[in-house]
Amino acid sequence: MKIELLENKVFFENEGLKKEIHPFWLRERVNGEKFVDKGTQQRLFDPTELKENVEIKHLELSNDFLEVTFNDGSHTKLNVKNILKEFSNKNEVKFIKKIEWDASLKDLNNFYFKKNIFEEKEMYDALVSFYKYGFVIFKEVPTKNNFIINFANSIGSIRRTNFGEYFDVKSKPNPNDLAYTSLPLAPHTDNPYRNPVPCIQMLHCITNEVQGGLSTLVDGYTVTEKLKKDFPKYYEILTQTKVRFQFVDESVILEDWAEMIQLDENKEFRQVRFSPRLDFVPLMEKEKLELYYSARNKISELYNSEKYRIEFKLMPGDLLMMDNYRLLHGRTSFDSKDGERFLQGCYIDYDSTEGKLKHLARKFGF
Ligand SMILES: [Fe+2]
């Protein structure tokens, strides 16, 4: 990748492909204290008020800098590295390749909490690991005074839901969700009925004195790829049929329509939703419904299969951070007579983790 000049024009060259960079694109990036606020990096001018027919009057290129003078009199010195970075997207989270995993996964992505971890390289490594595997576990996170709130807000900011800013997971009388019982929870994604669905769930173990109550995780990405390969008809209908997810309690009715497997604009994996207590398929032709039901049974069978599930016991201080768009989570049953099992949970969004990751990459020069 490099920058080249030819008769007052700037070209971007990549693997033999040469394209002219629009002069306005460069004009928008004019820096210097008259044009950009040093502290915020925000423009001090409005590019929509500039004349569109901006032209380059003079150009100079050295190894590190491109100097441009425009016909409106503005002059700038742009860092070549920064220009190339805009074309490479190297720091984009989407370029961290997902790693498929199943029950054979042994490394549970453990990272040890320490004071100021949020500004340390360990946090960068943990976030990269999170994007590769869809989860990480932070060990020895302080358990007093709802520390999960501090933890979440030190990465980004908490996303409040109908369960509050954070929620206590322990069995209680008259629960409004099965999570608050001692019953087993089959693999599911959280809040599929919300728009948008909360991206990342944190679960912090405060006490765990029971025998069972193991946490379970399944990689929805691995299962989706398996379905795509071995059952293409099922994959097709689950990626094309929008179903209604619904949550009802005394004060609110939340509904959203979405595919059980949602793809992005490039037809690649974006998100899975799975919560068979909350989904309602629309009334379609009988044959189509028949295919849909078989597909839902198959994906349920795969999600619930031991082949894809990891099980582990969260110990006091463990904080599990998992991607609610990619992973399914659940737990095995337990007997509340054994003692207390108390977890605290909350949600944050992707812009928090992405923003933190980019900040740490900048800080450590990655
Ligand atoms: Fe859940």
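## Overview of the domain arrangement of the chain
When cut into domains, the chain gives domain 1 (2-88) and domain 2 (94-363). Computed from C-alpha atoms alone, the centre-to-centre distance between domain 1 and domain 2 is 43 Å.

## Looking at the pairing of strand β20 (residues 319-323)
With respect to burial, β20 is a largely interior element, 5 of its 5 residues being buried. Along β20, one buried face is formed by L319, M321 and D323 and the opposite face, lined by L320 and M322, is buried too. As paired elements, strand β8 (residues 135-139) and β20 share 4 bridges and run antiparallel to each other. Bridge pairing in β20 places V136 opposite M321. When strand β12 (residues 200-208) meets β20, the two strands line up antiparallel, connected through 5 bridges. By the bridge assignment, M202 is partnered in β20 with M321.

## Considering the sheet that holds strand β21 (residues 327-331)
On the basis of which strands lie adjacent, the open sheet formed by 4 strands has the order β11-β21-β13-β19 and antiparallel pairing. On the outer flanks of this sheet lie β11 (185-188) and β19 (309-312), each paired with one strand and no other. Adjacent strand axes in the sheet meet at a mean angle of 15 degrees, parallel and antiparallel pairs treated alike. One ladder, built from 2 bridges, connects β11 with β21; its direction is antiparallel. The residue of β21 that forms the bridge with L185 is R331. Packed onto the sheet, helix α5 (residues 220-230) meets β13 (215-219) and β21 and runs at close to 40 degrees relative to β13.

## Let's talk about the nonpolar core
Ranked by size, the top nonpolar core spans 61 residues in total, and within it F135, M202, I299, L319 and M321 carry the most contacts. Counting residues per element, this core draws most heavily on helix α3 (residues 121-133), at 6 residues. Among residues more than four places away in sequence, those in contact with F135 are N109, F130, L217, L320, M321, M322, D323 and L327.

## Details of the packing of α5 against helix α7 (residues 286-304)
Between α5 and α7, the least distance of the axes is 10 Å, while the angle of their chain directions is 135 degrees. Considering their axes alone, α5 and α7 lie oblique with respect to each other. Crossing hand, α5 versus α7: right-handed. For the pair α5 and α7, contact is made by V223, K226 and L227 and by K298, I299, L302 and Y303, respectively. Of the residues in the contact of α5 with α7, the class split is 5 nonpolar, no polar and 2 charged.

Parameters at a glance
Residues numbered from 1 in each chain as written. Predicted model: local features only at pLDDT ≥ 70, side-chain atom pairs only at ≥ 80, totals over all residues. Domains from an automatic or database assignment. Buried ≥ 20, exposed ≤ 12 C-beta atoms within 10 Å, placed from the backbone. Helix = DSSP H or I, 4+ residues; strand = E, 2+ residues; numbered from the N terminus. Pairing = 2+ DSSP bridges. Axes fitted to C-alpha atoms, helices over the stretch in contact; angles between N-to-C directions. Contact = placed C-beta atoms within 7 Å. Core = buried A, V, L, I, M, F, W, Y, C linked by C-beta atoms within 7 Å. Parallel < 35°, antiparallel > 145°, perpendicular 65-115°, else oblique. Left-handed = near helix turned anticlockwise from the far one by under 90°. Nonpolar A, V, L, I, M, F, W, Y, C, P; charged D, E, K, R; others polar.

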